[in-house]
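The lines below spell out each chain.
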Amino acid sequence: MEMDGASSSGSSGAAQPSLFLSKRSRAFYRFTQQNLPACRPALTPTLVITVFLLVGITFLPFGIICFRAAESVDELVLRYDTECIPENYRGNKVAYIKDDSISKKCTLTVKLRNQMKAPIYVYYELDNYYQNHRRYVKSRSDRQLLHGLQYKDTSSCRPIESSNGLPVLPCGLIAWSLFNDTFTFDVKAGKLNVNRKNISWKSDRDHKFGNDVYPFNFQNDTLIGGGKLDPSIPLSEQEDLIVWMRVAALPNFRKLYGVIENDIDADEVITIQLSNNYNTYSFGGKKKLVLTTSNWLGGKNNFLGLSYIATGFCSILVAILFALIHVKFPRPHRDASYLHWNRKSSATSR
Amino acid sequence: MASERPLLIPSPRTPAPDSTPIPFPTVAAARRSSSSSSRRKTAPPHFRNLSVENVDFSAEMHSSTKTTFSIETISRSASKQQPQPSVPRYGSRRSESVNMGSSHKEISDADARLVYINDPERSNSPVRHPNNSINTSKYSILTFLPKNLFEQFHRVAYIYFLILAGINQIPQLGVFTPAASILPLAFVLGVTAVKDAYEDYRRHRSDRTENSRSASVLSSSSEFQPKPWKDIRVGEVIRVQSNETIPCDLVLLATSDPTGVAYVQTINLDGESNLKTRYAKQETLSKPPETLSAIIRCEKPNRNIYGFHGNVEIEGSKQRVSLGPSNVILRGCDLKNTAWVVGVAVYTGKDTKVMLNSSGAQWKRSRLETHMNRETIILAVALFVECALVTILAGAWLGRHRDKLDDLIYYRKRDFSDRDVGKYDYYGIGWEIVFTFFMSVILFQVMIPIALYISMELVRLGQAFFMIQDESLFDKERGNRLQCRALNINEDLGQIKYVFSDKTGTLTENKMEFRCASVVGVDYSGDPATAADTGEEGVSVAVGEQIWRPKMSVKTNPELLSLLRTGERTEKGDKAREFLLALATCNTIVPILTETDDPSIKLIDYQGESPDEQALLYAAAAYGFTLIERTSGHIVIDIFGQKQRFDILGLHEFDSDRKRMSVIVGFPDKTVKVFVKGADSSMFGVVDKTLNVDIVQATKSHLHTYSTLGLRTLVIGMREMSNIEFEEWHSSYEKANTALFGRGSLLKAVAMNIENNVSILGASGIEDKLQQGVPEAIESLRRAGIKVWVLTGDKQETAISIGFSSNLLTGDMTQIIINNNSKESCKKSLADALAITKKMTGKSPVGHNSIGVDSKKTPLALIIDGTSLVYILETELEEELFEVATSCSVVLCCRVAPLQKAGIVCGIVMLILIKSRTDDMTLAIGDGANDVSMIQKANVGIGISGREGRQAVMASDFAIGQFRFLVPLLLVHGHWNYQRMAYMILYNFYRNSILVFVLFWYVLYTAFSLTTAISEWSSVLYSVIYTALPTIVVGILDKDLSKKTLLKYPQLYGSGQREERYNLKLFILTMMDSVWQSLAIFFIPFLAYRHSTIDGSGIGDLWILAVVLMVNLHLGMDIFRWNWIAHTSIWGCIVATVICVIIIDALPILPGFMAIFHVMGTWVFWFCLLAILIAGLIPRFVTKAVTEFFMPNDIQIARELEKFGNLNEDPPVSEITTRTLSNHQQQTMP
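Here, residues in each chain are numbered from 1, in the same order as that chain's written sequence. Here every chain gets a letter starting at A, and every ligand a number starting at 1, in the order they are written. At least 70 in pLDDT is required for a residue's local features to be given in this predicted model, at least 80 for side-chain atom pairs to be given and counted, and no such filter applies to totals for whole chains, interfaces and linings, which use all residues. As a rule here, side-chain values come from all non-hydrogen atoms in the structure, and water together with hydrogens is ignored.

1. Some remarks on the overall build of chain B
Note on conventions: DSSP H or I runs of at least 4 residues are helices, E runs of at least 2 residues are strands, and numbering of each starts at the N terminus. Helix and strand content of chain B: 41 helices and 37 strands. Counting over 1230 residues, chain B shows a buried share of 62%. For chain B, long-range pairs separated by at least 24 residues make up 76% of all intrachain contacts whose partners lie at least 6 apart in sequence. Each accessible area is a Shrake-Rupley result for a 1.4 Å probe, and residues are judged covered by the shown protein chains and nothing else. Counting every atom, chain B has about 44500 Å² of accessible surface; 58% of that belongs to carbon and sulfur. For every residue, the accessible area obtained with a 1.4 Å probe (protein chains only) is divided by the maximum for its type, and the residue is called buried under 20%, exposed over 50%, and partly exposed between those limits. The criterion used for residue contact is that any of the two residues' heavy atoms lie within 4.5 Å.

What follows is the structure, encoded as structure tokens:
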């Protein structure tokens, strides 16, 4: 067989075209003959075992660190959607929440077990609330939020596009369903100050919500979805709306309500005054109030730590398994007699 | 004559010398034409007449001497005006016999095209013929868009995507914004359209240059004036100068040669570089074209470039003169060695034969693509299941929330914006379910990979580029590269199980060499000596001061040579001289002189259509019988320095029924003899039985010896003709020749009549040398598990001997020979053969799939001849034949009769047999017109672009220069192409399904409302930008094994034959892998971000980045060779993805504004990404490692060998084990 130009394309010995060729055309020649220098990774036992060991010994500490980080977060979750309904209305929650004549005020007390260090984030958490529902997600107009009433094409906002013949601003289901429960926190020392500024993304305030766009004709309909907006404050400063408008990814989500900038000592009793206005009862959605500290990894979720530990553990296990098998039943590497036609013939010749 | 060769169309075969032959009989001729000056200009000064001064009897024919070039009409016109009645024009005769291949029916006026010479107006009425402009382009600017789109939408997948894009435009179903939904399809269509447009632009440009070339056309003012090619019309008279290209198909009217001969080179037409002779008719030759008024009736335009059928009727004479293919010169030919020709345009523009033949190879679909369609259907089913699942769940959800939907905050069925309370975008649960279904189809549509088709096209293009560039497929001798004529079956080259090969010209060089002769019963095959050994100068001829020498020297037998020289007066000597005279005369070869460096020495180059005849002539010259001149009426032979002139009184050309040819020669002493030459089977039938039986017997036994040596044999006979006989023959010959109807069969009858009672002069043995590297190539193919079937016209002995010399047969093979003359015996021997195969393979041979692996069994070889094959097929024993044939590793079909029918029988029937009963891939390789049907029928057709014309190449999918290139083509490129394409298809399925699964998991958490967290633009760009390039690069460039390894271990080819790289199992594994990875991608962030403030766009960005990283790293894990191109494409794609995601999130108008930056700013994001990638890839990595550890396949072992440098050491057990296990029994069946 003719073998010219057929040398192995490892970086070691590539075919040498005529020496007088320029460097560039030599490179092109190697390209056309598919002889470019290349790295050829091979799954040798050593490599495989090393890779798994490496994964194992990086993942285990990572996992432990993550786990510890998640554990170090103090979190207080308070479900209040049933507790804040008077006993006599427990049978018909929807009627209660829809009845404007009944006061929605509600007081809860909770005793802290550990000290919580500032900043303490206050979230409300909704469950079984499909903020990612297709109809819901689409029902907004980003241009209107930025440009205000001068932007007329708000057909994407249906069914909350206009009411009483006038356009609604902000339009759309998302804005209409603005969460409107409010919380205040009291401790023995007095009222806890909740900072409700800068709870939304700065990029949203600056670029997505107009600073000269004011709410108009909002929640003027027969069916009120949620919170109302102060028509004298521009949208870019309506931070609750901005937070709400950043649609959650999952049907179980938290939204930032505010930040408490004081530490709360252990065994402190917090009295929470809340107005339970928001209707999740019609679809069985849960409402929770969350007070949590935070660290570099975020909230109290040990899943990542656990998954890292599991992965690392498995990797080390696999590495050991491989090593054992390799010692017990070694396959001579790079042995041509393992090629199937050689195997067959050696079997018959014996 | 190629008597042993299946010859369907008398296609010329000659070696291709690159030298420019000097003009042969160029009698100084003056024409009354108006442009004699230009003629003078073009005629080179060294024009010489080949006729020689000391020919004492040539006065009446040639009065010219060398370098004569006079304006006066010399004896030429006289000899033309009164041609000797006893010398029929060779030219006309030839045309008739050439015509025999085609039909002989007379054409009726209705079927004919009427061409009025020099009267384009009448010629073009009532039917207007197209003008001579050609248009090879497919589109014009106006038609491009509709036509191109129409062509592209022939792909069903594109229609599917179009329909989905259409559905998406319905407001209720709009999953994507209109622009996003159309983008992928538009992108794919756009890329293809740009490619097509560029190709078409190039065609337009070349058409324009072609159309504006200038031709010299006879105008109404009786002058030749320049005119662009495109304006030439049928009926116009055109003059072509030497070395010019013929602008359209012309019927020759006159040439610069007084006998009407013209030489053309048809290299552009059929790739042959030897000169072909064409003739102008006597009747038109004599009149100047401007005064000629005649009607040509010819057949309607057709594709046959070797056929033309028509006649010319000159006004004023009742006679119709027939026209054959030798009277036309076709567009694209070059005029050579002829000062000028004048012809009338009969076919122009798109009617010309070359244009009618310009269609490409027929469309084939590769095996892999067929399998791919099966998997596509599986994916479609999976898609349907997914959509149905979503639909059902959505229906259930809607049903459960039915009464809440009105004021459900995130649903809000009721719409108060109008005065009357209506429903917003809600049409009842039934409709909602239907909508959900369609929307989910739209959302999950990429399950069917849209980019796969265009990727495959691009990959094949790239693969073809590398195949064409490959040096080991480059024919240095002729400068031919591989031609990829079909661009959609590259990967089939890696799965071939059967190779059907023609012998002559494919395995052999088709370059004949005279080896031995048997003259009147005496064998002269002993030790041949070259002329140099004997010190003889006998191979050269002195002509004046010049020495002419045959181009090729042949080894001579000293015994025969001395007998020829000395034994002039003995009977034996006479016979020997007659034998050689027969060799020198009984042919259609034209000697052409070529220059050498030494001006006093010229080489005689025998140009002709049959390489056998050339070999015989070179042999004759070596023995002192040198043909130095041929004109249409006579030949001049130099016999030991003495020039003698013989009149060629008649010639019956070779045809495949008679399998012989004969020539009637008038000797200088006025005697007339018939020399006959042909295949032994046909010649012994016409031998004079009363003559010496011993000679016949001796000759027969010599022939047997020759054929066992693998030589091609010819028998030469002679017969003297009395005057009465001659007159009788002559009158019938003339009659047949001028007959209007059935000329071919009449001529055949005349030939049969004269070709009998011949006495045997002897026989010749010609060697057709094997091409370089053929035995090694066949050995490699055999070791690669490819079964080689060779079809040959040779006798059985010749076939077997060639089989051995080409390594097709080896000593350890058991030969099964089926060679019978009756149906019954055929049946019996087939049954016996079946029993043998059963015994040998040790099991029922029906399980054909495993046979290729059974190397430990004795290999079987089947040798079957054409007649037996026909009998077997007639008696419906196909099943048995198939079983026998498939259990044999080699099949030799010999004695394939050159009849069209039988020729097809062997190649095609065997092919169809294989194709109809198994799925195994077949490859046919051949070089001649007779292989065309085989090449077209096989899964892969390969043409040898050699000496034999371009018919095979035109029909082929790939064209290579030599047989041995088949080995790198199949074993290296085929293997690579197959494994690359297989991987690419699987990868594309995986790549798209992983995204669909991620989307699907998310849908389960959106109340089944088909929301996507991943931005719609990202999901649209996913398959066209984010992940498209690396798979194409890998599909073109990645190599699992180096060329060296693949050639060293041909057995590695088996991976393609066994479909190891693409099968249902692998597909399912890949899909399972993609499900696992999608789970990792979806659920790790899902769980990590549960109870968090994460917004949809942020987690969507994480998902899409994870998907892209995952699929690219997955690809990276499977790359065998990381060169800089692979690095660039993979890392480049990842970077491009990040950039795209960032750009998408930087648009304030999209809801996901800045989400990527917020999410990237947290540690969770990066931890998630790392966890996803590791967790996702671990199962695949483990599987890979485990298989490579414990159940490595050959390719993996070979890769280890290659990487760790043990490749050059031979393994302890030789891989050629079949040899060591040989058992030398040979079974020959009666």
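2. Focus: the overall build of chain A
Scanning chain A from N- to C-terminus turns up 10 helices and 11 strands. For chain A, the proportion of its 350 residues judged to be buried stands at 50%. For chain A, the accessible surface area stands at approximately 16200 Å², while carbon and sulfur atoms represent 56% of it.

3. Quick look at the sheet that holds strand 16 (residues 483-484) of chain B
Backbone-to-backbone hydrogen bonds pair the strands of a sheet. The strands run either parallel or antiparallel. Residues and elements named next belong to chain B. A strand pair is defined by DSSP finding two or more bridges across the two strands. Here 9 strands make up an open sheet; going across it, the order is 16-37-36-35-17-31-34-33-32 and the pairing mixed. Of all the strands in the sheet, just strand 16 and strand 32 (814-818) have a single pairing partner and so form its edges. Direction of pairing for strand 31 (residues 787-791) relative to strand 34 (residues 890-894): parallel, over a ladder of 4 bridges. Along strand 34, the bridge assignment pairs Val-788 with Val-890.

4. Topic: the state of the cysteines
Residue and element names in this part refer to chain A. Any cysteine sulfur atom paired with another within 2.5 Å is treated as part of a disulfide. Per the counting criterion, the structure on display carries 2 disulfides over all chains. Shown here is the disulfide that connects Cys-84 with Cys-106, its sulfur atoms set 1.9 Å apart. Across the S-S bond of Cys-84 and Cys-106 the torsion is about -70°, and the bridge reads as left-handed. Note that Cys-84 is positioned in the loop between strand 1 (75-79) and helix 3 (93-98) and Cys-106 in strand 2 (residues 105-111), a separation of 22 residues in sequence.

5. Some points on helix 39 (residues 1163-1190) of chain B
For helix 39 of chain B, built from 28 residues, the straight-helix expectation of 40 Å at 1.5 Å per residue is met to within 8% by its first-to-last C-alpha distance of 40 Å. Fitting one axis to the seven residues ending at a residue and another to the seven starting there, the bend at that residue is the angle between the two axes. In the structure, helix 39 of chain B departs most strongly from a straight axis at Ile-1178 of chain B, where the bend amounts to approximately 35° and where the proline Pro-1179 of chain B lies between one and four residues downstream. A helix's residues, less one, multiplied by 1.5 Å, set its expected span.

6. Let's talk about the environment of Val-237 of chain B
All names here are of chain B. In this structure, Val-237 sits in strand 4 (residues 237-241). You can call Val-237 buried: its relative accessible area is 0%. Setting aside residues no more than four positions away along its own chain, Val-237 makes contact with Ile-117, Asn-118, Ser-216, Val-217, Leu-218, Phe-224, Leu-253, Pro-289, Val-342, Gly-343 and Val-344.

7. Overview of a nonpolar patch on the surface
The patch calculation keeps residues exceeding 30% relative accessible area without a salt bridge and links them within 9 Å when they carry like charges or within 5 Å when they are nonpolar (Val, Leu, Ile, Met, Phe, Trp, Tyr). What counts as a salt bridge is simple: a side-chain nitrogen of Lys or Arg found within 4 Å of a carboxyl oxygen of Asp or Glu. On the surface, Phe-62, Ile-65 and Trp-296 of chain A together with Trp-1163, Trp-1166 and Leu-1170 of chain B cluster together into a nonpolar patch covering about 600 Å² of accessible area. Going through the elements one at a time, helix 2 (45-71) of chain A together with helix 39 of chain B are the ones with two or more residues in the nonpolar patch. At 3 residues, helix 39 of chain B tops the list of elements feeding residues into the nonpolar patch. On the secondary structure map, Trp-296 of chain A appears in the loop between strand 11 (286-292) and helix 9 (303-328).

8. Quick look at the interface of chain B and chain A
Each partner contributes to the interface: chain B provides 120 residues, whereas chain A provides 109 residues. We define buried area as the total accessible area lost by two parts upon association, computed with a 1.4 Å probe and summed across both. Summed over both sides, the interface between chain B and chain A buries roughly 10200 Å², with carbon and sulfur atoms accounting for 63% of that surface. On the chain B side of the interface with chain A, the three residues burying the most area are Ile-409, Tyr-410 and Phe-1189 of chain B, jointly 9% of the side's total. For Arg-40 of chain A, the salt bridge goes to Glu-1202 of chain B, with nearest N and O atoms at 3.2 Å.

9. So, the environment of Ala-799 of chain B
Residue and element names in this part refer to chain B. Within the element layout of this structure, Ala-799 appears in helix 23 (residues 796-805). Along the chain, Ala-799 and Glu-876 lie 77 residues apart, while their C-alpha atoms are 26 Å from each other. Excluding residues that lie within four positions of it along the chain, Ala-799 makes contacts with Thr-792, Asp-794, Leu-892 and Cys-894.

10. Considerations on the packing of aromatic side chains
Here a Phe, Tyr or Trp ring, Trp counted by its six-membered ring, pairs with any other such ring whose centre lies within 6.5 Å, and the pair is stacked when the planes are under 30 degrees apart, edge-to-face when over 60, and tilted otherwise. Applying the stated rule across the entire model yields 68 aromatic pairs over all chains. Residues Phe-667 of chain B and Phe-675 of chain B carry aromatic rings whose centres are separated by 6.3 Å and whose planes lie at 45° to one another, so their mutual orientation is tilted. Residue classification places Phe-667 of chain B among the buried positions, given a relative accessible area of 12%. On the numbers, 6.0 Å between centres and 20° between planes, the contact of Tyr-983 of chain B with Tyr-987 of chain B is stacked. Pair noted here: Tyr-983 of chain B and Tyr-987 of chain B are both in helix 30 (residues 966-1003), with a separation of 4 residues, about one helical turn. Looking at Tyr-987 of chain B, the relative accessible area reads 2%, which means it is buried. Taken together through their ring pairs, the aromatic side chains of Tyr-124, Tyr-129, Tyr-130, Tyr-136, Phe-179, Trp-244, Phe-253, Tyr-278 and Phe-283 of chain A together with Trp-397, Tyr-410 and Tyr-411 of chain B make up a single cluster.

11. Let's talk about the sheet that holds strand 6 (residues 182-187) of chain A
All names here are of chain A. Reading across from one edge, 2-10-6-7 is the order of the 4 strands in this open sheet, with antiparallel pairing throughout. The sheet terminates laterally at strand 2 and strand 7 (190-192), the two strands that pair on one side only. Direction aside, the axes of adjacent strands within the sheet are offset by 30° on average. For strand 6 and strand 10 (residues 269-275), the ladder comprises 5 bridges, and the chain directions are antiparallel. Residue Asp-186 lies in a different strand from strand 10, and its bridge partner there is Thr-271. Geometry is summarised by axes, namely lines fitted to C-alpha atoms with helices restricted to the contacting stretch, and by angles between N-to-C directions that run from 0 to 180 degrees.

12. Notes on the confidence of the model for chain A
Residues and elements named next belong to chain A. Scored between 0 and 100, pLDDT is the confidence that the predictor attaches to each residue. Per-residue pLDDT for chain A has a mean of 83; in total, 89% of the residues score no lower than 70. No element of chain A has a lower mean pLDDT than helix 10 (residues 340-349), at 53, and none a higher one than strand 9 (residues 253-260), at 93. A low-confidence stretch, residues 1-18 (pLDDT under 50), is modelled with 46 contacts involving residues beyond four sequence positions or located in other chains. Predicted confidence is poor over residues 345-350, with pLDDT under 50, and the contacts of this stretch with residues over four places away or in other chains come to 4 contacts.

13. Re the pattern of salt bridges
The final tally for this structure, using the stated rule, is 47 salt bridges over all chains. In this structure, Asp-127 of chain A engages Lys-286 of chain A in a salt bridge whose closest nitrogen and oxygen atoms are separated by 3.5 Å. With Asp-127 of chain A in strand 3 (residues 120-127) and Lys-286 of chain A in strand 11, this residue pair connects regions lying 159 residues apart in the sequence. Between Arg-782 of chain B and Glu-779 of chain B there is a salt bridge, with its nearest N and O atoms 3.6 Å apart. In this pair, Arg-782 of chain B and Glu-779 of chain B are both assigned in helix 22 (residues 774-783), 3 residues apart and thus about one turn of the helix distant. Members of the salt-bridge network, linked through shared partners, are Glu-75, Glu-125, Arg-254 and Lys-288 of chain A.

14. Side note on the side chain of Gln-1077 of chain B
Topologically, Gln-1077 of chain B is positioned in helix 35 (residues 1064-1088). Not counting residues within four places of it along the chain, the set of residues in contact with Gln-1077 of chain B comprises Tyr-990, Ile-994, Met-1110, His-1114, Gly-1176 and Leu-1177 of chain B.

15. A closer look at the pairing of strand 1 of chain A
All names here are of chain A. Here strand 1 shows one buried face, formed by Leu-76 and Leu-78, and one open face, formed by Glu-75, Val-77 and Arg-79. Examined bridge by bridge, strand 1 and strand 11 share 5 bridges and lie antiparallel to one another. Residue Leu-78 lies in a different strand from strand 11, and its bridge partner there is Leu-289.

16. As for helix 1 (residues 23-32) of chain A
Within helix 1 of chain A the residues assigned to the buried category are Tyr-29, Arg-30 and Thr-32 of chain A. Seen end-on, helix 1 of chain A carries its buried residues on one side only, within an arc spanning 165°. In this structure, helix 1 of chain A carries Lys-23 and Arg-24 of chain A as exposed residues pointing more than 90 degrees from its buried face. Turning to helix 1 of chain A, the residues buried within the fold contact helix 13 (450-469) of chain B. Once helix 1 of chain A ends, the next one or two residues include Gln-34 of chain A, with phi positive near 55°. Starting at the helix axis, one direction is taken to each C-beta atom, and the arc is that of these directions.

17. Looking at the packing of helix 6 (residues 156-168) of chain B against helix 12 (residues 429-443) of chain B
Residues and elements named next belong to chain B. With their axes 10 Å apart at the nearest point, helix 6 and helix 12 run at an angle of 125° to one another. By the angle between their directions, the pair helix 6 and helix 12 is classed as oblique. Viewed along their axes, helix 6 and helix 12 form a crossing whose handedness is left-handed. Across the interface between the two elements, Leu-164, Ile-167 and Asn-168 from helix 6 touch Phe-438, Val-441 and Ile-442 from helix 12. Under this scheme an angle from 65 to 115 degrees is roughly perpendicular, one under 35 degrees roughly parallel, and one over 145 degrees roughly antiparallel; angles in between are oblique. Handedness of a crossing is defined here by the sense of rotation of the near helix relative to the far one, left-handed for an anticlockwise turn of less than a right angle and right-handed for a clockwise turn.

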